[in-house]
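Topology and contacts: notes
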Amino acid sequence: MLLIPCPWCGPRDEAEFGYGGQAHVPYPEDPTALTDEEWARYLFFRNNPKGPHPERWCHAAGCRRWFNAVRNTATNEILAVYRVGEPRPVIV
Amino acid sequence: MSPRTPGAQLPEHPDWLWRTPDPRRSYDVVIVGGGGHGLATAHYLARNHGITDVAVLERGWLAGGNMARNTTIIRSNYLWDESAGIYEHALRLWEGLEEELDYPLLFSQRGVLNLAHSLQDVRDSVRRVEANRLNAVDAQWLDPRQVKEVCPIVNISPDARYPVMGATYQPRAGIAKHDHVAWGLARSADAAGIDLIQNCEVTGIDVTGGRVTGVRTSLGPIAAGKVALCAAGHSSVLAAMAGFELPLQSHPLQALVSELLEPVHPTVVMSNAVHVYVSQAHKGELVMGAGVDAYTAYTQRGAFHVIERQMAAALELFPVFARAHVLRTWGGIVDVTPDASPITGLAPVDQLYLNCGWGTGGFKATPGVGWVYAHTIAHDDPHPLARPFCLDRFTTGALVDEHGAAAVAH
Ligand SMILES: Cc1cc2nc3c(=O)[nH]c(=O)nc-3n(C[C@H](O)[C@H](O)[C@H](O)COP(=O)(O)OP(=O)(O)OC[C@H]3O[C@@H](n4cnc5c(N)ncnc54)[C@H](O)[C@@H]3O)c2cc1C
Ligand SMILES: [Zn+2]
């Protein structure tokens, strides 16, 4: 069970959160201009690293706000949380 | 006390069934990953194609990944023709595999019930039964009373939170003992001269001019004419070593067993809507699984609330389980694709082959994958049954969308 630090509410039980997958995936600026390969990448390809992963979480049973976290997928250690719109912290 | 010792009918634990060779410096074919798929591929490379200058490289011990962790459900009642093709091919191979390997696999065709809990479930299920029949896959639609005849301990009361409104039934489905399957395949591959190399982690893939030339490993570099990936949850990590990405997300998937009990559960019951599937292993433990944990991870463990939810669902369906205890829970890492169908075929690098994305349901496919993938590797051309499952379907849009359509959980 993870303890996830919501940037608004503080550390809360994992069961209160929804998972939103990879963070920082912008909608294509001009979707009609994309090639099939580019469209496939946007729709179906998401990073799947074994290591630090910037991702979205929603505190669904709390403040109901989305935020970003960098979590190490090999250990589940949460390395940083940051609010939507804030830049991704540099993890060293 | 029971007069019958649980497990008394099981064969003795075997001695080592294969050699433990040092890797040679070069092979015609290197298979990365010694789970069920890697071992089955080795077996059929030798048996069907006479290719035996082969090494299977495994970072841990043989079949200690998902092959050791799955709930062993075998069935072929998938909706789409492409899926029915490959899974039914696998089921037919299962039906002769004990003889082929001359090894007891405890393959037990005790049938599978896929429960329907809503009107939409009923419609989808009946549609799937008809589709299965058109593909010569055995399938029946059962009403709640017939469900109870097949599995007397299922609660068919209309008052249940998710009432059982019927089920699809595939009598030829069942379970097998996963360790024995791995051992039987490993013994056969080893006897053909194939090197099974444990504690050998692939750390790099060498590509020269768009063509694979070998791998780097924790035991040194190994040159290879062809490299075939069979790394399940770690497939994205290996693809990155060869310089490309895959449309996969690796999630924990958990399962659990109860203590050993007298036989109470004669078949396999799956419910997609409430996310639980249950059978009783030969030794007597109830084996249950759930859906994946929501987030991606490589940790081989998951969250307890997922288990709790799954137990709540199991108790609704099987009130008699209230007295059973959870003995052990564990997790594997499953590689899930966007359409819940596998990727098997050619890779964007020459002489490199892909077999991944079997996610939560690849045990049942083990012999079928081995057969088809060995063909793909031997001919450098996808086997006809594999063609719909090539990587380029995500670009062409020809997805094989089994999500929700065919009780895809397992
Ligand atoms: C809890 C659970 C329940 C399941 N239930 C079912 C079920 O009921 N029915 C069903 O059909 N399927 C089920 N599955 C899915 C099934 O287990 C998998 O689809 C299948 O086992 C995958 O193929 P495999 O056996 O080759 O995988 P694995 O056994 O995981 O083999 C992959 C191997 O690759 C190795 N590897 C990874 N990286 C490297 C590297 N860099 N170098 C060397 N080796 C490497 C790993 O150590 C591993 O041994 C379940 C899975 C889980 C986790
Ligand atoms: Zn919050």
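This one's a predicted model, so the numbers in the text were calculated from it and none came from an experiment. (Residues numbered from 1 in each chain as written. Chains lettered and ligands numbered in written order. Predicted model: local features only at pLDDT ≥ 70, side-chain atom pairs only at ≥ 80, totals over all residues. Heavy atoms only, no water.)

Points about the overall build of chain A
Let me state the cut-off plainly: The helix and strand labels rest on DSSP assignments: H or I over at least four residues marks a helix, E over at least two residues marks a strand, and numbering proceeds from the N terminus. Think of it in three bands: with a 1.4 Å probe and only protein chains considered, a residue is buried below 20% of the maximum accessible area for its type, exposed above 50%, and partly exposed in between.
Each helix and strand counted, chain A has one helix and six strands in total. Element order for chain A, N to C, with α for helix and β for strand: β-β-β-α-β-β-β. Projecting the C-alpha coordinates of chain A onto the three principal axes gives extents of approximately 45 × 25 × 25 Å. When each of the 92 residues of chain A is scored for burial, the buried share is 37%.

Things to note about the overall build of chain B
Note the following rule: Working rule for contacts: check all heavy atoms of both residues, and any pair within 4.5 Å makes them a contact.
When helices and strands are tallied, chain B shows 10 helices and 18 strands. Reported as C-alpha extents along the three principal axes, the dimensions of chain B are approximately 65 × 50 × 40 Å. Here chain B holds 410 residues, and 59% of them are scored as buried. Residue pairs at least 24 apart in sequence account for 76% of intrachain contacts in chain B once pairs closer than 6 positions are excluded.

Details of the interface of chain A and chain B
As a reminder of what qualifies: By buried area we mean how much accessible surface two parts lose on assembly, using a 1.4 Å probe and totalling the loss over both. Put simply, a salt bridge is a Lys or Arg side-chain nitrogen that is within 4 Å of an Asp or Glu carboxyl oxygen. Any pair of nitrogen or oxygen atoms within 3.5 Å is treated as a polar contact; in protein, a donor-acceptor pairing is required on top of that, and neighbouring residues in sequence qualify only through side-chain atoms on both sides.
In this assembly, 24 residues from chain A lie in contact with 22 residues from chain B. In terms of surface lost to chain B, no three residues of chain A exceed Phe44(A), Asn48(A) and Lys50(A), which account for 33% of the buried area on that side. Across the contact surface, chain A and chain B share one salt bridge. Residue Glu245(B) pairs with Arg41(A) through a salt bridge whose shortest N-O separation is 2.6 Å. Remark: the boundary between chain A and chain B carries 12 residue pairs in polar contact (both at pLDDT 80 or more). The set of elements that each furnish at least two residues to the side of chain A that touches chain B consists of α1 (36–44) and β4 (52–58) of chain A. The element best represented in the side of chain A that touches chain B is α1(A), accounting for five residues.

Observations regarding the packing of aromatic side chains
For any two aromatic rings, the description comes down to two numbers: the centre-to-centre distance and the angle of the planes. Residues and elements named next belong to chain B. To be explicit about the condition: Between rings of Phe, Tyr and Trp, where Trp is taken as its six-membered ring, a pair exists when centres lie within 6.5 Å; planes separated by under 30 degrees are stacked, by over 60 edge-to-face, and by other angles tilted.
Under the criterion given, the structure shown has 15 aromatic pairs over all chains. Ring geometry for tyrosine 87 against tryptophan 358: centres 5.9 Å apart, planes inclined by 90°, an arrangement best described as edge-to-face. Of this pair, tyrosine 87 sits in helix α3 (residues 81–101) while tryptophan 358 sits in the loop between β18 (352–356) and α9 (366–379), and the two are 271 residues apart along the sequence. Classification of tyrosine 87 as buried rests on a relative accessible area of 5%.

Let's talk about the packing of helix α1 (residues 36–49) of chain B against helix α6 (residues 178–191) of chain B
Residue and element names in this part refer to chain B. The condition is simple: Helix axes are fitted only over the stretch in contact, all axes being lines through C-alpha atoms; the angle between N-to-C directions runs from 0 to 180 degrees. In this scheme the handedness of a crossing depends on how the near helix is turned from the far one: anticlockwise by less than a right angle means left-handed, clockwise means right-handed. Residues are grouped as follows: Ala, Val, Leu, Ile, Met, Phe, Trp, Tyr, Cys and Pro are nonpolar; Asp, Glu, Lys and Arg are charged; every other residue, Gly included, is polar.
It is at 8 Å that the axes of α1 and α6 come closest, and there the two elements cross at 35°. Once α1 is placed against α6, the crossing between them reads as left-handed. Between α1 and α6, the contacting residues are Gly36, Leu39, Ala40, Ala42 and His43 on the first element and Ala182, Leu185, Ala186, Ser188 and Ala189 on the second. Partitioned by chemical class, the residues of the contact of α1 with α6 number seven nonpolar, three polar and no charged.

Some details on the pairing of strand β5 (residues 66–72) of chain A
Residues and elements named next belong to chain A. Threshold: A pair of strands counts as paired when DSSP detects no fewer than two bridges linking them.
Most of β5 sits out of view: six of its seven residues are buried. Sheet analysis places β4 next to β5, joined by seven bridges and oriented antiparallel. Within β5, the position partnered with proline 52 by the bridge is asparagine 72. Between β5 and strand β6 (residues 78–83), which pair antiparallel and follow one another directly, the connecting turn spans five residues, one of which, asparagine 76, has a positive phi of 70°.

Some thoughts on the nonpolar core
Taken as a class, soluble globular proteins show a tendency for nonpolar side chains to be buried jointly. Threshold: We call a set of buried Ala, Val, Leu, Ile, Met, Phe, Trp, Tyr and Cys residues a nonpolar core when their side-chain atoms join them within 4.5 Å.
By size, the foremost hydrophobic cluster in this structure holds 50 residues, and its most contacted members are Ile31(B), Trp94(B), Val181(B), Ile194(B) and Leu196(B). At the level of elements, β1 (26–32), α1, β2 (54–57), α3, α6 and α9 of chain B are the ones that each hand at least two residues to this core. Take this core: its biggest share by element is seven residues, from α3(B). Residues contacting Ile194(B), with those up to four places away along its chain left out, are Arg19(B), Ala42(B), Ala46(B), Ile51(B), Thr52(B), Val54(B), Val56(B) and Ala189(B). Counting residues in each nonpolar core, the second largest holds 32 residues, with Phe45(A), Ala224(B), Leu246(B) and Leu354(B) among its members.

Observations regarding the site of ligand 1
Residues and elements named next belong to chain B. In plain terms, the rule: In this text, near means that some heavy atom of the residue lies within 4 Å of the molecule or strand in question. Accessible surface is estimated by sampling points in the Shrake-Rupley manner with a 1.4 Å probe; for residues, cover comes only from the protein chains shown.
Surveying the vicinity of ligand 1 reveals 37 residues, the closest of which are Glu58, Met67, Thr71, Gly362 and Lys364. Histidine 37 is positioned such that a nitrogen or oxygen atom in its backbone is 3.0 Å from an oxygen atom of ligand 1. Here an oxygen atom of ligand 1 sits 2.8 Å away from a polar atom, N or O, in the main chain of methionine 67. When the free accessible area of ligand 1 is taken as 1,000 Å², the share hidden by the protein chains comes to 96%. Going through the elements one at a time, α1, α2 (66–69), β12 (249–260) and β16 (326–336) are the ones with two or more residues in the shell around ligand 1. For the shell around ligand 1, the residue count by class is 15 nonpolar, 17 polar and five charged.

A short note on the coordination of the zinc ion (ligand 2)
All names here are of chain A. Applied cut-off: Note on donors: an N, O or S atom is included if it sits within 2.8 Å of the metal, or within 3.2 Å for Na, K and Ca, and water is never included, so sites can look incomplete. Irregular is the label for any site that misses the other tests, which are tetrahedral for four donors with all angles between 85 and 135 degrees, and square planar for four donors or octahedral for six when opposite donors exceed 155 degrees and the remaining angles lie between 65 and 115.
At 2.0 to 2.3 Å from the zinc ion (ligand 2) lie its protein donor atoms, namely Cys6 (SG), Cys9 (SG), His59 (ND1) and Cys63 (SG). Around the zinc ion (ligand 2), the four donor atoms are arranged such that angles at the metal cover 105 to 119°; this shape is classified as tetrahedral. Along the chain, the residues donating to the zinc ion (ligand 2) are arranged with the sequence spacing C-x2-C-x49-H-x3-C. Placement of the pair is cysteine 9 in the loop between β1 (3–6) and β2 (10–13) and histidine 59 in the loop between β4 and β5, with a sequence separation of 50 residues. Residue classification places cysteine 9 among the partly exposed positions, given a relative accessible area of 29%. Take histidine 59: its relative accessible area is 0%, and that puts it in the buried class.

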